[in-house]
2 protein chains.
Amino acid sequence: MTRKEVAKLAGVSEATVSRVLNNVGPMREETRVRVMKAAAELGYEPNALAQQFARRRSGNIGVILPFVPKVHLFSTYYFSEILSGIGEAAQRLGYDLLLIFRDPEQSPDYAKLFRTQKVDACILLGSRDVPEERTALAEMKREGHPFCLVNQRFPEESFLSVDANHVAGSRMATRHLLDRGYTRIAFLNGPLHYSNSRDRLEGYAAELAAAGIRHADDWLLEGNYSRKSGYELAERVAEGIASRSVDAVFAANDRMAIGLMQGLKELGLEAGRDYAIVGYDDSDGSRLTSPGLTSVAVPFYEMGTMAAERVLEELADGGVRKAAEVEGIARDGHTYILPVSLKVRESS
Amino acid sequence: MTRKEVAKLAGVSEATVSRVLNNVGPMREETRVRVMKAAAELGYEPNALAQQFARRRSGNIGVILPFVPKVHLFSTYYFSEILSGIGEAAQRLGYDLLLIFRDPEQSPDYAKLFRTQKVDACILLGSRDVPEERTALAEMKREGHPFCLVNQRFPEESFLSVDANHVAGSRMATRHLLDRGYTRIAFLNGPLHYSNSRDRLEGYAAELAAAGIRHADDWLLEGNYSRKSGYELAERVAEGIASRSVDAVFAANDRMAIGLMQGLKELGLEAGRDYAIVGYDDSDGSRLTSPGLTSVAVPFYEMGTMAAERVLEELADGGVRKAAEVEGIARDGHTYILPVSLKVRESS
DNA sequence: TTGAAAGCGCTAACAG
DNA sequence: CTGTTAGCGCTTTCAA
């Protein structure tokens, strides 16, 4: 209703009001000023719903999260950093964030978000390499919707994704332990349906191989990224330490590392004294333990901004232009790989 | 375009399609079935933007967060729990979540979110009692928009809010220390522009008074809820412990408690041995320290669901009906107060 | 440089 | 019970 009043007060047509407010098409400076003044005077605020409808764009980026209340498989640190990063970029580029919790019961239908126009693009966190997920992603791709995965790649699929260099990170971690004189390095990994986990295994194995060490099978421990899963493996690791078949542990995330440290402490084994340990994520928790936990720092925040920027770029280009070269960032096909670094603390 | 096809295939008018899909108004079962089948066959999905526009409702709950990337004044634990809770309730009640990071540079304009129809209701996290904030909230209230504060109350304002019983929690924590035989209890609080902090002070003071203890002024320490601020007060606390004017500390959140413990450890003082300490939030971190940190558990997740339920209720009632009585939950005017509990660990 | 007018896809009176 | 019709508030041709 008010837009009409603005038009009247400024003595122009409604179309002109629209042009001025969107700064589109040619216009006389005088009209522009007149309209702006009228709008300001009336305190006019365009109706976002009408705009979205007329433009056929929601102006939203969908952010898809696994819904795991109270089941902290993922660290909250991880999500909140990435989310903040996405939020910063989205705000800067004029988009809002629509938060969508994936229902673990149902098989996902991401393409529907686009068909119903709820989002213009979307970013997926905590995605896993399982059949329903691949199907849902492939459908989005097929229908030409822009989306970006964070921290999960589907090698043969050419989905846009942003990841950190976990192979390098794991090599660093392993190298670090080797440099410190540890040679019997167990590896506590997470489930292999995360490409993340596979990368870490690759880096770990490669670095050991480079050092001419054949890793024993019983060095491989499988957790699920939760603290509990690390904690529960303490006895087994303690035996390894006692029998001298293990002198250090590289854990695929801090949560498991911390759980393991706690379990071992209860068995009388101290990190940094009786064994060395390196975690992954450089989360808040790594600074809370004693001794402090050496860890691989991942630029989650930057991964979030990168994901938002790239996916909006794809949206703008209609997916036509090739992926942009970004200064200093490795790119492998449609995957952007950000560098990680090692934070050394007392645990190693 | 497709809705027309559905109408044609089903042999009815577009309006009827609308009725069936929204299950509104009377309709013959046969028509209903026919339309549903046609819709399913054509894979019809209504356009959300058009619906929102026609209904003049966005279907979104705005969730407003302080934007503090990399400045972890608030624990990520706190936000992700509340957010998950809001998400669960929103999904259950058919709403989406629009995430909005408050720009710390600008004074907030929450009412605008409603005027532009971006949201139908909103929930504010990490709100502070400062003038710009009060103004922005009062404006929303004046314009009749439904909103709910979480963990922050404005006593004289009658804003809808959900909080935990921090007075009781602080009494519990203090009582616990007294029961353990500690009588010189320092209190490390956060800034008083959070009603949270004021509540804690009240509880602490009340419990000491009840025990007939006059608290010394130098027992009051002020941090800002960050780990660092706790850490930096270690020397001062250490002096207190050395001079026997302090034998225990109650900290207003876990982060500060943990920082303080770390600082004191560096000065050779161990929690649970040389002094007792109790934190607040029962965050992940409280389980990571050694000794484990006794802490007050706050039902963040439930606070989130409660906030969403209450604010949507207000939306539905057009703010007319009085606040509903919720079983077993204390209510003080427009504030719902959830109970907290004490988790005892080795630090006390 | 501006105005008139035709939608965007759906909902919601109002008739019938 | 169902069809007709008039918008919702804005954008965007197309003419002028």
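The present account deals with the structure reproduced in this document. Source: prediction; values computed, not measured. (Residues numbered from 1 in each chain as written. Chains lettered and ligands numbered in written order. Predicted model: local features only at pLDDT ≥ 70, side-chain atom pairs only at ≥ 80, totals over all residues. Heavy atoms only, no water.)

1. Side note on the protein's contact with DNA strand C
Point 1. Residues in close proximity to DNA strand C total 25 residues, the closest being Arg19(A), Thr31(A), Arg3(B), Ser18(B) and Tyr44(B).
Point 2. Within 4 Å of the protein, the atoms of DNA strand C are drawn from sugar and phosphate moieties in a proportion of 61%.
Point 3. Here Arg3(B) contributes a side-chain N or O atom positioned 3.4 Å from a phosphate oxygen of DNA strand C.
Point 4. Take Arg55(B): an N or O atom from its side chain is 3.0 Å from a phosphate oxygen of DNA strand C.
Point 5. Listed by contribution, the elements that provide at least two residues to the surface near DNA strand C are helix H2 (14-22) and helix H4 (48-55) of chain A together with helix H2 (14-22) and helix H4 (48-55) of chain B.
Point 6. Per element, the largest residue contribution to the surface near DNA strand C is five residues, and it comes from H4(B). (Near = heavy atom within 4 Å. Polar contact = N/O pair within 3.5 Å; in protein donor to acceptor, adjacent residues only side chain to side chain. Helix = DSSP H or I, 4+ residues; strand = E, 2+ residues; numbered from the N terminus.)

2. Some remarks on helix H12 (residues 254-266) of chain B
Residues and elements named next belong to chain B.
Point 1. Its 13 residues give H12 an end-to-end C-alpha distance of 18 Å, which sits within 8% of 18 Å, the value for a rise of 1.5 Å per residue.
Point 2. Burial runs high along H12: eleven of the 13 residues are buried.
Point 3. Buried within H12 we find Asp254, Arg255, Met256, Ala257, Ile258, Gly259, Leu260, Met261, Gln262, Gly263 and Leu264.
Point 4. Buried residues belonging to H12 abut strand S6 (185-189), helix H10 (227-231), helix H11 (234-242), strand S8 (248-251), strand S9 (276-281) and strand S10 (294-297).
Point 5. At the exit of H12 stands glycine 268, carrying a positive phi of roughly 85°. (Expected span 1.5 Å × (residues − 1). Buried < 20%, exposed > 50% of the residue type's maximum accessible area, 1.4 Å probe, protein only. Contact = heavy atoms within 4.5 Å.)

3. Some details on the packing of aromatic side chains
Point 1. Going through the model one piece at a time under the given rule, you end up with 19 aromatic pairs over all chains.
Point 2. Ring centres 5.0 Å apart and planes at 75° place the aromatic pair Tyr78(B) and Phe300(B) in the edge-to-face group. Of this pair, Tyr78(B) sits in helix H5 (residues 76-92) while Phe300(B) sits in helix H13 (residues 300-316), and the two are 222 residues apart along the sequence. Across the pair, exposure class does not vary: Tyr78(B) and Phe300(B) are buried alike.
Point 3. Put simply, the rings of Tyr77(A), Tyr78(A), Phe79(A) and Phe300(A) pair up and form one aromatic cluster.
Point 4. In this arrangement the basic side chain of Arg200(A) is found over the ring face of Tyr280(A), its NZ or CZ atom lying 3.8 Å from the centre. (Phe/Tyr/Trp six-rings, centres within 6.5 Å; stacked < 30°, edge-to-face > 60°. Lys NZ or Arg CZ within 6 Å of the ring centre and 35° of its normal.)

4. Thoughts on the pattern of salt bridges
Point 1. With the rule as written, the count across this model stands at 64 salt bridges over all chains.
Point 2. A salt bridge links Glu157(A) to Arg134(A); the shortest N-O distance between them is 3.5 Å. You can see Glu157(A) sitting in the loop between strand S4 (147-150) and strand S5 (161-164) and its partner Arg134(A) sitting in helix H7 (residues 131-142), a full 23 residues away along the chain.
Point 3. Residue classification places Glu157(A) among the partly exposed residues on the basis of a relative accessible area of 24%.
Point 4. In this structure, Asp282(B) engages Arg287(B) in a salt bridge whose closest nitrogen and oxygen atoms are separated by 3.3 Å.
Point 5. In this structure Asp282(B) comes out as buried when scored by relative accessible area, which is 9%.
Point 6. On the basis of relative accessibility, which here comes to 30%, the residue Arg287(B) falls in the partly exposed class. (Salt bridge = Lys/Arg side-chain N within 4 Å of Asp/Glu carboxyl O.)

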